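# Residue-level structure breakdown
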Amino acid sequence: MIDRLDTIEERYNKINELLSDPEIVTDIKKLTELSKEQSGLEETVTTYREYKDIKQQIKDLKDMAKDDDADIREMAEMELEELQPKIPELEDKLELLLVPKDPNDEKNVIVEIRGAAGGDEANIFAGDLYRMYSRYAELMGWKIELMDAVENEGGGFTQIEFVISGDHVYSHMKYESGAHRVQRVPATESQGRIHTSTATVLVMPEAEEVDVEIHMNDIRVDTFCSSGPGGQSVNTTKSAVRLTHEPTGLVVSCQDGKSQHENKDRALKVLRARIFDKIEQERLEKEGAERQSKVGTGSRSEKIRTYNYPQNRVTDHRIGFTIQQLDRVVEGKLEPIIEALINEDQKRKLAGEKEV
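Residues numbered from 1 in each chain as written. Predicted model: local features only at pLDDT ≥ 70, side-chain atom pairs only at ≥ 80, totals over all residues. Heavy atoms only, no water.

Take the nonpolar core next. Nonpolar side chains in soluble globular proteins tend to end up buried together. Within the largest apolar cluster, 36 residues are counted, with the highest numbers of intra-cluster contacts made by Val111, Ile113, Leu129, Tyr133, Ile164, Met173 and Tyr307. Counting residues per element, the ones that place at least two in this core are strand E1 (109-115), helix H6 (120-140), strand E3 (157-165), helix H7 (169-173), strand E5 (195-205), helix H10 (326-329) and helix H11 (335-355). Ranked by residues supplied to this core, first place goes to H6 with eight residues. Contacts of Val111, omitting those with residues within four sequence positions, involve Ile160, Glu161, Phe162, Ile164, Met173, Val201, Leu202 and Val203. Counting 23 residues, the second-largest nonpolar core is a separate cluster that includes Leu5, Leu41, Ala76 and Ile87. (Core = buried A, V, L, I, M, F, W, Y, C linked by side-chain atoms within 4.5 Å. Buried < 20%, exposed > 50% of the residue type's maximum accessible area, 1.4 Å probe, protein only. Helix = DSSP H or I, 4+ residues; strand = E, 2+ residues; numbered from the N terminus. Contact = heavy atoms within 4.5 Å.)

See the structure below:
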């Protein structure tokens, strides 16, 4: 472990040197890459330096504990009692910090929610999930920007797409991709029977231009009038935009902006994220063994969580985690579930590291 930490510290020092190099300063792409790498290493290096400092202090105190002066020996022993427990704590922290990080953890996310099985109730549930994530973002101090929404006449959304921006959004939201299942009595159910419906969630890291290069001559741009529930036109100007990326066949629409230009910019942001996500999925499929060590596959078809209203229960099936606080969860208090997922993911990655 120490050898790896020494290598990381050397790299961190080298990056500091490179960031003051005039050639690097004028190369925005390289400067951005190095700054991100430096930021990713900073906590590990700071913790390692604290660890080395305490180890040195303990060594010095052990020498002082052999002093002829009884007062000096007593003082040294008292300080040793205080410092020695910090070593295993820091070693545990360093072990976690050495687990390979997801390079996307600090990114903003683009979230797409679709009503799936269950007709109107599935679309209503998609709306409930959107509200849950909106409240969660608010509690976390993040910002939400609506990109596109297709409302359902019976309530909720057949599809809704939005951006969440803030600090380390992807590191928390990445576990939400998959099929979410709800069990409850729909408002339209006259016999009081419990129905099961599903909505799918897709969470993609927001890609920057340095991550994905898009050539505009590869994109077909179509404009149309934006529409409301049931497909009726809500304006007579062609402000809505549909982009088709011909090399991949990916299609993105955006109609919630105030102008065609704004909708085009938003659609490009989503398209870039979709292309980036496609590249990431292909990479992860090649790294199958590493992917299996993670919590879930991120596939939309994977049933990840059940929201049982009659029992006020939420169960995350990937880690067998159950909490009897559905009423709090749907109000955005997702942190107990997210923390459990992060802890399990780290535990599995640590186990994988130790096996290598």
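After presenting the structure, the write-up continues.
It is worth spelling out the sheet that holds strand E7 (residues 240-245) at this point. An order of E6-E7-E8 is seen for the three strands of this open sheet, with the pairing classed as antiparallel. The strands lining the two open edges of the sheet, one partner per strand, are strand E6 (219-224) and strand E8 (250-254). Recorded for the sheet is a direction-independent mean angle of 15° between the axes of neighbouring strands. Across five bridges, the pairing between E7 and E8 is antiparallel. In the strand pairing of E8, His245 is matched with Leu250. (Pairing = 2+ DSSP bridges. Axes fitted to C-alpha atoms, helices over the stretch in contact; angles between N-to-C directions.)

A word on the sheet that holds E5. Pairing in this open sheet of eight strands is mixed, and the strands run E2-E3-E1-E5-E4-E9-E10-E11 from one edge to the other. Each edge of the open sheet carries a strand with a single partner, namely strand E2 (143-151) and strand E11 (321-323). Ignoring which end each strand starts from, the neighbouring axes of this sheet average 15° apart. Here E1 pairs with E5 via seven bridges, running antiparallel. Counted as the bridge partner of Ile113 is Val201 from E5.

Shape is all these values report; function is a separate question.
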